Amino acid sequence: MSSAAEVPAPARFRFEDSSLAIKLRQNVGLVTAIALFCVIYLLYHVAHPKGFSSAVLVQNGDEIFTLAMVAMAQTVPVLAAGLDLSVGALMTMVGCFASYLLSGAPEGTPINLDLGGLHLVLATLPGGTTGLIVGMILCLVIGTLAGLLNGCVVVFGRIQPIIATLATGAIYIGIALFLRPQPGGKIDDDLNWAMTNSLGDFASTVHIFNDGAAPWFAPLAWIPVPFVLIILIAALVWVPFRRSVTGRAVYAVGSAEGAAYMSGLPIERAKIAAFTLGGFFAGCGGLFLAIQTSSGNADLPQAGAYTLNSIASVVIGGTSLLGGSGGAIGSIFGAMILRVISFFFRIFDIAPLLQPLFEGIILLAAVSIGALRMLRVRNTLELFR
Amino acid sequence: MTAVPANLILSRDDRPIVIAALFIIVILIGGTAYTWMHFGSAPLLSPNYLLQQLQIGSFLGIVAAGMMIVILISQIDLSVPWTLAAAAMLATAIGGPWAIPIGLAVGLIVGIVNGIGVAYLRVPSMIFTLGINAVMRGLMVAHTGGFAPQTAATDLMRYLAAERTFGIPNALFVWLAVSIVVVVILQRTALGRYIYAIGNKEAAAYLAGVNTRRVTVICFALCGLTAGLAGVLLAGYSVKAYQGMGDAYLLPSIAAVVIGGTNILGGRGRYLGTLVGVILIVLLNSVLSIMEMPEAGRQVIYGAVIILMLLVYGRGERVTS
């Protein structure tokens, strides 16, 4: 607030009219989420005996990544005024695929299909690094295709997203259970090590930058790989999408589908793209979870928990569940806030039995803050949007 | 209002019910054909077996009745799993004559809190009830220490949930009673009209003089109450309460409501449809377990059936204006 606000002189600079202030007003939710995250994460590091160390950052990054991805996955359909109840299931399914495709066996990984007596070898992944890269791409393709299926059911089947994804989610969990009736499988050790540690470990494992010993690389070596991945995915996938015509159409569909239709925006393409991109993000999450745990696990409660936490992350990140405002960046921060809150339980030595209670209360408190806007409502009708 | 459209609306609402009922018959015929070929018997056609399946289904039916009311006002209640479990745990913990009232009171209170959050704080129900679910889970974990409580259900709970009168499970009578109450509310009271009105357009209902916030709270309270009742009965049926006992009721209850033709966006749907939807899901489950279908196949079939049914009659209209 500048003092010029009281003296309305057109020639003078007024902060409220500056483009920065407008941007801030439009992104109140995002700014609040970032501020809240910074405060609690700083507190966490101050309170942690080994705070501000790379080891703690790496551990946090590993625990945050999957939820951050699933939260991004949830955001895109929510922006289009949909809801994707299948994100957790989709993530689980991709994880189960990954536990087969990324074993990193030197002799290569055959892709088999056993149907009763029928035994087919569809293809063989080469061993070594090539095989791992192909396997990871395959996992992401599977996630994206599953997202595409969601989009097609919603758009061409004209079934409400919430119920359509409830059904496809059951199908994905079914496939995951088919692949992994019991938890198991194996992920290549080097891949696991490279992806879940700091950049320095990554470089020394994949033998780049002089095994990570290059002098210019040293100041960057402490950064955890998961954080780098989140930034890369956000910058290379989300930001270009948001700026594309399809991305803008997603926002338009979410705020007023009728108006978007009358304006000639590609509504169906936007909706399909929203779910497909969601599938891609959830696939990234599932792939990482499998790499991190080095196994595939068709865990139904876990899938449900991720779906529900993704919705919570989206809301905390400042995206409206009604669609049309917010963004995936906010959801990343929403996910990080949720996770950091659970980190606190460890350092403050809160009895494990009380942790779920605190999580619930904090979630409720966070979403109830939104009720403050009730104080600004002048016309009760504004509430019924 | 007396012009013919009333007729048309009726047929639009009846179509899902008729199709779902036909699908139930298909399931029965298909299941019987399977058992006849493999075991040479037809358990699905024996009244005793059907009653037993419906007895298990009555818990889902009671939950779905409450869920339907909330869905009709275009909200959703995701707190059902732990409301149900909390009601069951506290009912068995208190025991004695107060067990059932306590269980119902737990459901009612949770429902009212949900309603206040949604109606007065205007937090989206999707997220508020989710938070309440987490809180209830937290309270119960703290209360039980994370283990299945050792307390047992009272005799009355056992009687209502697990025993039979004239060969018919008592749980079915409870389900019937809940159904009658819900039908009367929806069809014969002003509250029922308000519920449909709010589901169609809350602003319009508000301008027409309906106290929409109070109605919303009442709807959530009813949903909480049914979840509490289901919890008490389920504890009676399985003799005691256990962690996660409500988890298997959330998504099937939503699916049953939607398969029965209730619009997930609210404002349209008949209770008979929900009833048919519950029976469909229960029978589908029992046929799949007779076929010894592994969990993987069950989930896939389950999802496919929901999509299939909705493709037949649940398609929305294209937005063109």
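Residues numbered from 1 in each chain as written. Chains lettered and ligands numbered in written order. Predicted model: local features only at pLDDT ≥ 70, side-chain atom pairs only at ≥ 80, totals over all residues. Heavy atoms only, no water.

Asks: I tried to follow the overall build of chain B on my own but got confused; where do I start?
Replies: A tally of regular secondary structure across chain B gives 13 helices and two strands. In terms of C-alpha radius of gyration, chain B reaches 20 Å, essentially the compact-globule figure of 20 Å for 321 residues. By principal-axis analysis of the C-alpha atoms, chain B measures approximately 55 × 50 × 40 Å. Taking the contacts inside chain B whose residues are at least 6 apart along the sequence as the reference set, 77% of them involve residues at least 24 apart. A total of about 13,500 Å² of accessible surface is found on chain B, and carbon and sulfur atoms cover 69% of it. (Helix = DSSP H or I, 4+ residues; strand = E, 2+ residues; numbered from the N terminus. Rg over C-alpha atoms; globule rule 2.2 N^0.38 Å. Contact = heavy atoms within 4.5 Å. Areas by Shrake-Rupley, 256 points an atom, 1.4 Å probe, with all protein chains shown as cover.)

Asks: Help me understand the overall build of chain A, please; the structure alone is not making it clear to me.
Replies: What chain A contains, in helices and strands, is 16 helices and two strands. Here the C-alpha atoms of chain A give a radius of gyration of 23 Å, agreeing with the 21 Å that 2.2 N^0.38 yields for 385 residues. Projected onto the principal axes, the alpha-carbon positions of chain A cover approximately 80 × 55 × 45 Å. Taking the intrachain contacts of chain A between residues at least 6 apart in sequence as the baseline, contacts between residues at least 24 apart amount to 71%.

Asks: Any chance you could explain the interface of chain B and chain A here in plain terms?
Replies: By a widespread convention, an interface's size corresponds to the accessible area lost as its parts come together. Each partner contributes to the interface: chain B provides 52 residues, whereas chain A provides 47 residues. Here chain B and chain A share an interface that buries about 4,200 Å² over both sides, 78% of which is from carbon and sulfur atoms. Taken together, the connections running from chain B to chain A amount to zero salt bridges. Linking chain B with chain A are zero residue pairs in polar contact (both at pLDDT 80 or more), by the criterion used here. The element best represented in the side of chain B that touches chain A is helix H5 (residues 125-144) of chain B, accounting for 13 residues. (Buried area = accessible area lost by both parts, 1.4 Å probe. Salt bridge = Lys/Arg side-chain N within 4 Å of Asp/Glu carboxyl O. Polar contact = N/O pair within 3.5 Å; in protein donor to acceptor, adjacent residues only side chain to side chain.)

Asks: What is the right way to look at a positive patch on the surface in this model?
Replies: Judged by side-chain charge, Lys23(A), Arg242(A), Arg243(A) and Arg248(A) come together as a positively charged surface patch. Locating Arg248(A) in the fold gives a position in helix H11 (residues 245-255). (Patch = residues over 30% accessible without salt bridge, like charges linked within 9 Å, V, L, I, M, F, W, Y side chains within 5 Å. Lys, Arg positive; Asp, Glu negative; His and termini not counted. Charge placed at Lys NZ, Arg CZ, Asp CG, Glu CD.)

Asks: Got a minute to help me understand the environment of Val257(B) in this structure?
Replies: Looking at where Val257(B) falls in the secondary structure, it is placed in helix H11 (residues 250-259). Dropping the residues within four chain positions of it, Val257(B) is found in contact with Ala64(B), Met67(B), Met68(B), Ile71(B), Thr262(B) and Thr274(B).

Asks: Would you take a moment to explain the environment of Val154(A) for this structure?
Replies: All names here are of chain A. On the secondary structure map, Val 154 appears in helix H5 (residues 128-155). With a relative accessible area of 7%, Val 154 lands in the buried category. C-alpha separation for the pair Val 154 and Phe 275, spaced 121 residues apart in sequence, amounts to 9.0 Å. Ignoring sequence-local partners within four residues, the contact set of Val 154 consists of Ile 159, Pro 161, Ala 164 and Phe 275. (Buried < 20%, exposed > 50% of the residue type's maximum accessible area, 1.4 Å probe, protein only.)

Asks: Help me understand the side chain of Thr144(B) in this model?
Replies: Residues and elements named next belong to chain B. Relative to the helices and strands, Thr 144 resides in helix H5. Polar contacts involving the side chain of Thr 144 include one to the main-chain carbonyl oxygen of Met 140, which spans 2.8 Å. Beyond its immediate sequence surroundings of up to four residues, Thr 144 is in contact with Met 89, Pro 149 and Gln 243.

Asks: Which parts of the structure should I look at to understand the packing of helix H7 (residues 170-188) of chain B against helix H10 (residues 212-237) of chain B?
Replies: Relative orientation and spacing of two packed helices are given, respectively, by the angle between their axes and the distance between those axes. All names here are of chain B. Contact pair H7 / H10: the axes reach a minimum separation of 12 Å and the direction vectors enclose 175°. By the angle between their axes, H7 is roughly antiparallel relative to H10. For the pair H7 and H10, the contacting residues are Val 174, Val 178 and Ile 185 in the first and Leu 222, Thr 226, Leu 229 and Leu 233 in the second. Class assignment of the residues belonging to the contact of H7 with H10 gives a composition of six nonpolar, one polar and no charged. (Axes fitted to C-alpha atoms, helices over the stretch in contact; angles between N-to-C directions. Parallel < 35°, antiparallel > 145°, perpendicular 65-115°, else oblique. Nonpolar A, V, L, I, M, F, W, Y, C, P; charged D, E, K, R; others polar.)

Asks: Can you help me understand the pattern of salt bridges in this one?
Replies: Once the charged atoms of two side chains with opposite charge are near each other, the side chains can pair. Applying the stated criterion to the full structure yields three salt bridges over all chains. A salt bridge links Glu257(A) to Lys271(A); the shortest N-O distance between them is 3.0 Å. One end of the pair, Glu257(A), is in helix H12 (residues 257-262); the other, Lys271(A), is in helix H13 (residues 267-293), with 14 residues separating them in the sequence. Here Glu202(B) makes a salt bridge to Arg122(B), at a shortest N to O gap of 3.2 Å.

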